[in-house]
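Survey of secondary and tertiary structure
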Amino acid sequence: MDMKKRRIVPIPLIVLICGSIGLGYASFRHFSHFNRVVLEKFQGRLWELPARVYARPLELYPGMPLTSPAFEEELKLMGYLQAAHPAGLDTPGKFLRKGNTFRLILRPFRFEDGEASSKKIHMIIRGGKVDFLKETETNAFPDMVRLDPTLIGSFYPRHYEDRVLVTLKKAPPLLLKTLLAVEDQGFYDHHGIEPVAIFRAAMANIRKRRLVQGASTITQQLAKNFFLTNEKTLTRKLNEMFMAIALEKNYGKDEILEAYLNEVYLGQDGKRAIHGFGLASSFHFGKSLDDLRAQEIALLVGLLKGPSYYDPRAHPERALKRRNTVLQIMRDHGLIRIDIADRAIPSPLNVIPDPPKGASRFPAYLDLVRRQLLQEYRDSDLRSAGLRVFTAFDPQVQLAGEKAVTSHIRRLEKRGGVPKGKLQASAVMTSTAGNEVLGMIGGRNFSFKGFNRALDAKRPIGSLIKPAVFLTALSRPERYTLTTSIDDSHIQFQDERGRVWVPQNYDREYHGDTPLYLALAHSYNVSTVRLGMELGLPDVFQTLGKMGFTRDIKPYPSALLGTVEMSPLEVAQIYQTLAAGGFYSPIRAIRSVERPDGVTLQRYSLTVRQSLAPGPVYLLNSILQVVVLEGTAQSVKTFLPEDMGAAGKTGTTNDLKDSWFAGFTGNHLAVVWVGRDDNQSCGLTGASGALQIWGQLMAALPNTPLELPEPQGMEWAVVDAEADMLTDDACENAMTVPFIKGSAPTQIISCPAAGQDVRVQKPEQDVRVQRPEQDVRVQRPEDEEKDETKESALTRWLRRIFKKK
């Protein structure tokens, strides 16, 4: 063969052909990789959605106790915007107040029992109650109106992305049309990329020798946001194109557009990243997408070009210019009428100045919710599954507690001689009916997400433990009654190391033989220790366990005076059992948990069991009412009226290191602790410290009087309380006192005539016991017929609780 006649293929062409084949093969492998990534990602859960935690819904009804300032405060906490005039009341989530008259447009909300639509409400508050309630569109007068609950916090994914999912069907058509007009007019025609646009952008960037023009389709933007980084390199751009083609190959246009609506980044709130138009709408305007006007849609779409650069709060001039550019595009494409555009362009941005924060205002309560959820859910579920958690949190109770702490904490620092900023406080507020936690304060800085003293500060509780001692005694009616005499004289103990412990009373005196109820009302330490040792330490702490304290305690005598350490939440649990008449129910914050689609996963129903006999609890609670009326907690009367019948107990520990008060009315219970984190003296007793906060807190709530229901098996006897004997009705110290049936005194003491000795005798017949003709009522001093200056303190106390026959 003639080699010279052979056609020789140029080497450059061979290289080009081989390179094309190699590039094609590499591209095929590259595409296959991204195709697999897309399928894996889109077939699973697209986004990690935070669990959202809601307060109880506010339910309005005629006659409901409510003040206008409290209602306005809660509306603002719910994110309702106040209109300045009637014309501004134009969308759900707004209210107008004129004096005590409110007009508001409720936001729709999906409750567990169904979807609640938006309603226009007219309400008037008079005399601290809801006096007028009307639905203005239907002219109906409803029995009850339920508002959407306050969002009190969320559990975010670790990357802190937040979003509210929007479906394409529920997205406003104007938003979709504007989005396509501004970002990708050929979206429904291309296959993920626009080659002509890419070439045009490349030429422009080459001429300017810098990046001046982009050519990303909506599909490419989704690929970049969803799978890739923001680095500006050729490799990343090529990967973006492959990913976009893979998305278009496997998914429909509507699926891609819906994913884009929920994925795009549109703002920043501290560490929380605002993603998707659903959340951006409420973050920037306090509205749902359905309620946005044309100029508001224009701003959100305009932010896509640069959420930080065009941030309407940080750079309002830039944002306004960008918004108006989008409005012009909307006008030019016939999406809005020319007159609407002409009115919208000169209008202000109207971005809400204080957007809803991602960080909870109530971190202590959110901490409790999280701990209770983690007993049944994984932490990853809380951060990614989009759960909706409904709680018993009551904003009005919480805010009342915060105001009480704020108004007293600095004053108490001065009173106790504590350095400024060193005194701390915590509190737990519950409902007595269901033992639900209504509010919680973890420290004096309410918004600080750190050490939660209400849950984790376990401090000696002092005299708060004494009701457990006296309840144990009253549970033995054959030996102890309200008027049984107990010994308040010197006693000492020696521990295993040979150290001697001598309990002392707060007044440093001994009081000899003392009626049982007086020992608790006066909070005598010595008689409490003697009584506890006589009863037996194991029995006393068994009673404490029945009250709801679950941790093990080493039984030693000083524990009878409250060296036992508890958190405020644990104290609330044991006092709740007393407030419920001896019925135990676990303390809880959560009512129900739902999936994002509204399916209920779990309901946290009230569970109740009788843990303590009702008779002894009834007698004990009567003494705790005496404590408030005339005992160590009598300063409660400066906050609550006597006929409220509140019951409670003060607690003070050695060297005044801890100040406690636990108490309850007919419907609310609260425990307050005041002290220092460094365990130094706070210079405050339970009465001078914690009780002051408790009193102001309770005074701000709509309380019902504490009327102790008399259990079965009780009888009443006319007795001389000081002598612990039956007596005649006409005797000076005679009063009717409740006893567990069969435990009334049997000896009789007669009234002495002038100059004669008292006669004591054994009855020849059955003990005369009787019931009062009417219910027992607390008597005020002015109702007494005799000169009280001649009566002992204990007689006056009992006379107010147990009406004279």
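Note that the structure is predicted; figures quoted are calculated from it, not measured. Numbering of residues starts from 1 in every chain and runs along the sequence as written. In view of the model being predicted, local features appear only for residues whose pLDDT reaches at least 70, and side-chain atom pairs are presented and counted only at 80 or more, with totals across whole chains, interfaces and linings using the full set of residues. Calculated side-chain values reflect all of the structure's heavy atoms, with hydrogen atoms and water omitted.

Across its full length, the protein holds 23 helices and 35 strands. Type-normalised accessible area, obtained with a 1.4 Å probe on protein chains alone, sets the label of each residue: buried when under 20%, exposed when over 50%, and partly exposed for intermediate values. Per-residue burial over the protein gives 52% buried out of 805 residues. Contact between two residues is taken to exist if any of their heavy atoms lie within 4.5 Å; hydrogens are not considered. Of the contacts made within the protein by residues no fewer than 6 positions apart, 68% connect residues no fewer than 24 positions apart. In this description, accessible areas are obtained by the Shrake-Rupley approach with a 1.4 Å probe, and a residue is regarded as covered only by the protein chains that are shown. Of the accessible surface of the protein, which amounts to about 38,200 Å², a share of 52% is contributed by carbon and sulfur atoms. A helix here means a DSSP run of H or I that spans at least four residues, while a strand means a run of E at least two residues long, and both kinds are numbered starting from the N terminus.

What follows is about the pairing of strand β1 (residues 51–54). Side chains Ala51 and Val53 of β1 all project onto a buried face; the interleaved residues Arg52 and Tyr54 project onto the opposite face, where all are buried too. We call two strands paired when DSSP finds no fewer than two bridges between them. Bridge count between β1 and strand β15 (residues 388–391): three bridges; the pairing is parallel. Across the sheet, the residue bridging to Tyr54 is Phe390, located in β15.

We call Phe, Tyr and Trp rings a pair once their centres come within 6.5 Å, taking the six-membered ring for Trp, and we label the pair stacked below 30 degrees between planes, edge-to-face above 60, and tilted otherwise. Under the definition given, this model contains 13 aromatic pairs. For the pair Phe109 and Phe390, a centre-to-centre distance of 6.3 Å together with 90° between the ring planes defines the contact as edge-to-face. On the criterion of sequence distance, the pair formed by Phe109 in strand β6 (residues 109–111) and Phe390 in strand β15 is long-range, its members being 281 residues apart. By relative accessible area, Phe109 is classed as buried at 11%. Of the residues examined, Phe390 reaches a relative accessible area of 11% and is grouped as buried. Only Lys NZ and Arg CZ are tested; either one counts as a charge over a ring when it is within 6 Å of the ring centre and within 35 degrees of the ring normal. If you follow Lys253 out to its NZ or CZ, it ends over the ring of Phe187, 4.6 Å from the centre. Arg479 extends its terminal NZ or CZ atom over the ring of Tyr480, reaching a point 4.4 Å from the ring centre.

Attention now goes to the packing of helix α9 (residues 294–302) against helix α10 (residues 316–332). At a closest axis distance of 8 Å, the pairing of α9 and α10 adopts a crossing angle of 110°. It follows that α9 is roughly perpendicular to α10 by the angle criterion. Note that α9 runs across α10; the crossing there is right-handed. Facing Ala294, Gln295, Ala298, Leu299, Val301 and Gly302 of α9, the residues of α10 in contact are Ala319, Arg322, Arg323, Val326, Leu327 and Met330. Under the scheme applied here, ten amino acids are nonpolar (Ala, Val, Leu, Ile, Met, Phe, Trp, Tyr, Cys and Pro), four are charged (Asp, Glu, Lys and Arg), and all others, including Gly, are polar. Across the contact of α9 with α10, the residue classes break down as eight nonpolar, two polar and two charged. Here, axes are lines fitted to C-alpha atoms. For helices the fit covers the stretch in contact, and angles between N-to-C directions go from 0 to 180 degrees. Convention used here: angles under 35 degrees read as roughly parallel, angles over 145 as roughly antiparallel, angles from 65 to 115 as roughly perpendicular, and any remaining angle as oblique. The sense of a crossing depends on the near helix, which, turned anticlockwise from the far helix by less than a right angle, makes the crossing left-handed and, turned clockwise, makes it right-handed.

The next point concerns unusual backbone geometry. With a phi angle near 65°, Arg508 is a residue other than glycine that sits in the positive phi range. Here Arg508 lies in the loop between β21 (500–501) and β22 (512–515). With a relative accessible area of 61%, Arg508 lands in the exposed category. Backbone geometry places Leu656, a non-glycine residue, at a positive phi of 55°. Here Leu656 shows up in the loop between β28 (647–652) and β29 (658–664).

The subject of this paragraph is helix α2 (residues 68–77). The buried count for α2 comes to seven of ten residues, which makes it a mostly enclosed element. Every buried residue of α2 is listed here: Ser68, Ala70, Phe71, Glu72, Glu74, Leu75 and Leu77. The secondary structure elements touched by the buried residues of α2 are β2 (59–60), β3 (81–82), β4 (94–98), β5 (101–105), β8 (120–126) and α14 (395–416). Gly79 occupies a position one or two residues after α2 and carries a positive phi of about 90°.

This paragraph deals with the nonpolar core. What makes a nonpolar core is a set of buried Ala, Val, Leu, Ile, Met, Phe, Trp, Tyr and Cys residues whose side-chain atoms join them at distances within 4.5 Å. Counting residues in hydrophobic clusters, the biggest one holds 135 residues, and the most contacted among them are Leu373 and Met440. The element contributing the most residues to this core is helix α21 (residues 614–630), with nine residues. Segmentation of the chain into domains, including their bounds, is taken from an automatic or database domain assignment. When we break this core down by domain, the ones giving at least three residues each are domain 4 (403–584 + 608–699) and domain 5 (714–804). Among all residues touching Leu373, those that are not within four sequence positions of it are Phe155, Leu382, Val389, Ile590, Val593 and Tyr604. One finds Leu180, Ile218, Phe283 and Leu327 within the second-largest nonpolar core, a separate group that totals 54 residues.

Another aspect to go through is helix α20 (residues 568–579). Spacing of three or four residues puts side chains on the same side of an α-helix, whose turn is 3.6 residues. Taking 1.5 Å per residue as the helical rise, α20 with its twelve residues ought to reach 16 Å, and the 16 Å between its terminal C-alpha atoms agrees with that figure. Within the span of α20, buried status applies to Pro568, Leu569, Glu570, Val571, Ala572, Gln573, Ile574, Tyr575, Gln576, Thr577, Leu578 and Ala579. Phi turns positive, to about 75°, at Gly581, one or two residues after α20. To estimate the expected span of a helix, count its residues, drop one, and scale the result by 1.5 Å.

This brings us to the confidence of the model for the protein. Overall, the prediction assigns the protein a mean pLDDT of 86, with 85% of residues at 70 or greater. Below pLDDT 50 for its whole length, residues 1–9 participates in two contacts with residues either more than four positions away or in separate chains. Known as pLDDT, the predictor's per-residue confidence is scaled from 0 to 100. In this model, residues 762–795 is a region of pLDDT below 50 whose contacts with residues beyond four sequence positions or in other chains number 71 contacts.

With that settled, the discussion passes to the sheet that holds strand β26 (residues 600–603). With mixed pairing, the five strands of this open sheet are ordered in space as β11-β1-β15-β25-β26. Edge positions in the open sheet fall to β11 (151–155) and β26, since each of these has one partner strand only. When strand polarity is set aside, the average angle formed by the axes of neighbouring strands in this sheet is 20°. Together, β1, β11, β15 and β25 (590–594) form the strand contacts of helix α12 (residues 363–373), whose direction differs from that of β11 by roughly 50°.

Sheet architecture is open: five strands sit in the order β3-β4-β5-β8-β9, paired in mixed fashion. Each edge of the open sheet carries a strand with a single partner, namely β3 and β9 (129–135). Sheet topology places β5 next to β8; five bridges connect them, and they run antiparallel. Within β8, the residue paired with Arg103 across the bridge is His122.

Mapped onto the elements, Ser360 comes out in the loop between α11 (338–344) and α12. Classification of Ser360 as buried rests on a relative accessible area of 14%. We define a polar contact as two N or O atoms separated by no more than 3.5 Å, with the added condition that, inside protein, one atom must be a possible hydrogen donor and the other a possible acceptor, whereas residues neighbouring each other in sequence contribute only through side-chain atom pairs. Among the polar contacts made by the side chain of Ser360, one reaches the main-chain carbonyl oxygen of Ile152 at a distance of 2.5 Å. Sequence-distant contacts of Ser360, defined by excluding residues within four places in its chain, comprise Ile152, Gly153 and Leu366.

Let's shift gears to the pattern of salt bridges. In the sections that follow, a salt bridge refers to a side-chain nitrogen of Lys or Arg positioned within 4 Å of a carboxyl oxygen of Asp or Glu. Enumeration over the complete set of coordinates arrives at 39 salt bridges. Residues Arg163 and Glu161 are paired through a salt bridge, measuring 3.2 Å at the closest nitrogen-oxygen approach. Among the ionic pairs, Asp332 bridges to Arg331, the shortest N-O distance being 3.4 Å. The class of Asp332 is exposed, set by a relative accessible area of 58%.

The buried count for strand β31 (residues 714–720) comes to seven of seven residues, which makes it a mostly enclosed element. Residues Met714, Trp716, Val718 and Asp720 of β31 are buried on one face, and the alternating residues Glu715, Ala717 and Val719, pointing to the opposite face, are buried as well. Two elements, β31 and strand β32 (residues 725–726), share two bridges in a ladder whose sense is antiparallel. Directly across from Val719, in β32, lies its bridge partner Leu726. Counting the residues in the hairpin turn of β31 and β32 gives four residues, including Asp724, whose phi is positive at 60°.

With that settled, the discussion passes to the side chain of Ser659. In this fold, Ser659 is placed in strand β29. Exposure remark for Ser659: the relative accessible area of 0% places this residue in the buried category. At 2.8 Å, the side chain of Ser659 and the backbone nitrogen of Ala690 are in polar contact. If near-sequence neighbours (up to four positions away) are discounted, Ser659 is found in contact with Gly651, Val672, Trp673, Val674, Cys682, Leu684, Thr685, Gly686, Gly689 and Ala690.

A separate point is the environment of Ile465. Mapped onto the elements of the fold, Ile465 is located in the loop between β18 (459–460) and α16 (466–474). Residue classification places Ile465 among the buried residues on the basis of a relative accessible area of 2%. Those residues within four positions of Ile465 in sequence are excluded, and the remaining contacts are Phe541, Leu544, Ala559, Leu560, Leu561, Gly562 and Val564.

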